[in-house]
Amino acid sequence: MAKFNIQEADDFEPVDVSEPREVRTEREIIAEERATYRRMWLREHRMYIFAVIGILLVLMIVFGVRLFHQNTNPWSRLMQASAKNFGTSFAFDMNVKEEEQPVMAYKGSIAVNREKQQLRVVYDAQYTDYSYSAATVADGKMFAAGNLYDGKWRVRENSESVHDFFDFDTDYCKGTFDAGAFLRFTKLNGDYSATELQRFMETLSQRLAGDSDLAKIKTEKVENGTQYRYDFSVKALMDMIATDGASVFYRSSDYDKFREKYAANEGVAENSSCTLEYTISNNGYLTALNLNVTIGEQHFALELTAHDFGSAVVSLPEEFLSAAAAMQEEKEN
């Protein structure tokens, strides 16, 4: 006995034969059959299609909100701008003051090639009672850093520090803080846990994305860029470290010492202030950064400016390069 497909019967459309019909070519018949098939396929799968469209819309909205958040979040913009600085060459000046008196000053230039992981740095440093010059070179074959003091270059091999810097830089460019690479670069991996510091910094970054008890944010348009200002609550920051930072310390004795010092100076923290101001140019570079800290009656200030992006020339001293080449030759032999 013949069996009928109910679905097919429902989809059947009777042909009107009361009027003469045009003779159709085989190509036209095939095209019509394909169109009919597409309509039936869309009808059968419309729930899945709607589901996929809904998921895509949600993903687009989430991505759009995240992108907007990253582009308008002052802390993310600081990371993006500083990362852009280190994607080219630039000159810099940095001054540190205590009670308006200069205690440290640095002047130099940096050139970075991320693709080849090459680095060239040279600067002069002036302290209260002495001065020196410093240089760094990393070209894939030679890794050296040195200081000029009392007329002599003292050079050391620094391939590990260069690799740690670029490890950190790779994630930093993507807006992520690599705590492990940071601790290795700063030689603090024996004091703090990379995993816990990573978690702590993620929490800190989220709280610095907007106004909170930790900091108040102000934004102002200035000539050729935008200036951002963070007014930190020193007590809220210290409380955060005391509450959430225990696991960051490798040694419990170090954390206990921190808690003891903080407990003894909690009143000082309440009356202290910390302000961070930075300027991002219209083309996305970090051009200025000022940090002012007042602790009790003491005041400290750090002023950093950067300029000549892409045009700064890093001229490494010949004496430094000769000393670095001699060190490399001795290492190879």
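Remember, it's a predicted structure, so these values are computed and weren't measured experimentally. (Residues numbered from 1 in each chain as written. Predicted model: local features only at pLDDT ≥ 70, side-chain atom pairs only at ≥ 80, totals over all residues. Heavy atoms only, no water.)

Details of the overall build of the protein
Point 1. The secondary structure content of the protein amounts to 10 helices and 11 strands.
Point 2. Contacts in the protein between residues at least 24 apart in sequence constitute 49% of all its contacts with a sequence separation of at least 6.
Point 3. Entry remark: accessible area of the protein is about 22000 Å², with carbon and sulfur atoms responsible for 55%. (Helix = DSSP H or I, 4+ residues; strand = E, 2+ residues; numbered from the N terminus. Contact = heavy atoms within 4.5 Å. Areas by Shrake-Rupley, 256 points an atom, 1.4 Å probe, with all protein chains shown as cover.)

A word on the sheet that holds strand β10 (residues 286-295)
Point 1. Ordered by their spatial adjacency, 11 strands build an open sheet running β6-β5-β4-β3-β2-β1-β11-β10-β9-β8-β7, and the pairing between neighbours is antiparallel. At either margin of the open sheet sits one strand with a lone partner, and together these are β6 (152-157) and β7 (215-222). If you compare each strand with its neighbour and ignore which way they point, the axes differ by 15° on average.
Point 2. In the sheet, strand β1 (residues 89-98) pairs with strand β2 (residues 101-113) via 10 bridges, with the strands oriented antiparallel. Bridged to E98 within β2 is Q101. (Pairing = 2+ DSSP bridges. Axes fitted to C-alpha atoms, helices over the stretch in contact; angles between N-to-C directions.)

Some thoughts on the packing of helix α7 (residues 234-244) against helix α8 (residues 252-264)
Point 1. At a minimum axis distance of 11 Å, the contact between α7 and α8 shows a crossing angle of 150°. What the angle tells us is that α7 and α8 run roughly antiparallel. Helix-helix and strand crossings are classified by hand; for α7 and α8 the assignment is left-handed. Along its contact with α7, which presents K235, M238, D239, I241 and A242, the element α8 presents Y255, F258, R259 and Y262.
Point 2. Residues of the contact of α7 with α8, tallied by class, amount to 6 nonpolar, no polar and 3 charged. (Parallel < 35°, antiparallel > 145°, perpendicular 65-115°, else oblique. Left-handed = near helix turned anticlockwise from the far one by under 90°. Nonpolar A, V, L, I, M, F, W, Y, C, P; charged D, E, K, R; others polar.)

Looking at the nonpolar core
Point 1. L208, Y230, L276 and Y278 are the most contacted members of the largest nonpolar core, which has 39 residues in total.
Point 2. The element that contributes the greatest number of residues to this core is helix α3 (residues 74-85), accounting for 5 residues.
Point 3. Sequence-distant contacts of Y230, defined by excluding residues within four places in its chain, comprise P74, W75, L208, A215, K216, I217, C274, T275, L276 and Y278.
Point 4. Among the nonpolar cores identified, the runner-up in size contains 16 residues, and F92, I110, V121 and Y132 belong to it. (Core = buried A, V, L, I, M, F, W, Y, C linked by side-chain atoms within 4.5 Å. Buried < 20%, exposed > 50% of the residue type's maximum accessible area, 1.4 Å probe, protein only.)

Observations regarding the confidence of the model for the protein
Point 1. Put simply, the protein has an average pLDDT of 82, and 79% of its residues get 70 or more.
Point 2. When the criterion is pLDDT under 50, residues 1-10 qualifies, and its contacts beyond four places in sequence or with other chains add up to 0 contacts.
Point 3. Low confidence marks residues 61-70, where pLDDT is under 50. Its contacts with residues over four positions away, or in another chain, come to 4 contacts. (pLDDT = per-residue confidence, 0-100.)

A few points about the packing of aromatic side chains
Point 1. A complete count under the given rule lists 26 aromatic pairs for this structure.
Point 2. Their ring planes at 5° and their centres at 5.0 Å tell us that Y127 and Y130 sit as a pair that is stacked.
Point 3. Plain terms: the ring middles of Y130 and Y149 are 6.2 Å apart, the flat faces sit at 90° to each other, and that makes the pair edge-to-face. Of this pair, Y130 sits in the loop between β3 (118-127) and β4 (131-138) while Y149 sits in strand β5 (residues 143-149), placing them 19 residues apart in sequence.
Point 4. Linked through ring pairs, F86, F90, F165, F166, F185, Y285 and F309 together constitute an aromatic cluster. (Phe/Tyr/Trp six-rings, centres within 6.5 Å; stacked < 30°, edge-to-face > 60°.)

Re the side chain of N85
Point 1. Note on placement: N85 falls in helix α3.
Point 2. You can call N85 buried: its relative accessible area is 4%.
Point 3. For N85, the contacting residues outside a window of four places in its chain are F90, Y285, L286, A306 and F309.

Some remarks on the packing of helix α6 (residues 194-207) against α7
Point 1. One way to put it is that α6 packs onto α7 with a least axis distance of 12 Å and a crossing angle of 145°. In this structure, the crossing between α6 and α7 has a hand that is right-handed. In this structure, α6 uses R199, F200, T203, L204 and R207 to contact α7, whose residues at the interface are L237, M240, I241 and D244.
Point 2. Of the residues in the contact of α6 with α7, the class split is 5 nonpolar, 1 polar and 3 charged.

A word on a negative patch on the surface
Point 1. Together, E98, E99, E100, E297 and E303 make up a negatively charged patch on the protein surface.
Point 2. Structurally, E99 is set in the loop between β1 and β2. (Patch = residues over 30% accessible without salt bridge, like charges linked within 9 Å, V, L, I, M, F, W, Y side chains within 5 Å. Salt bridge = Lys/Arg side-chain N within 4 Å of Asp/Glu carboxyl O. Lys, Arg positive; Asp, Glu negative; His and termini not counted. Charge placed at Lys NZ, Arg CZ, Asp CG, Glu CD.)

A word on the pattern of salt bridges
Point 1. Tallied over the entire structure, the rule returns 11 salt bridges.
Point 2. One salt bridge connects D93 with K107, and the closest N-O pair in it is separated by 3.1 Å. In this pair, D93 is assigned in strand β1 and K107 in strand β2, connecting sequence segments 14 residues apart.
Point 3. On the basis of relative accessibility, which here comes to 19%, the residue D93 falls in the buried class.
Point 4. Residue classification places K107 among the exposed residues on the basis of a relative accessible area of 52%.
Point 5. D239 is the salt-bridge partner of K235, the closest N and O atoms lying 2.8 Å from each other. Taken as a pair, K235 and D239 lie in helix α7 at a separation of 4 residues, close to a single helical turn.
Point 6. One network of salt bridges, in which partners are shared, links D164, D167 and R184.

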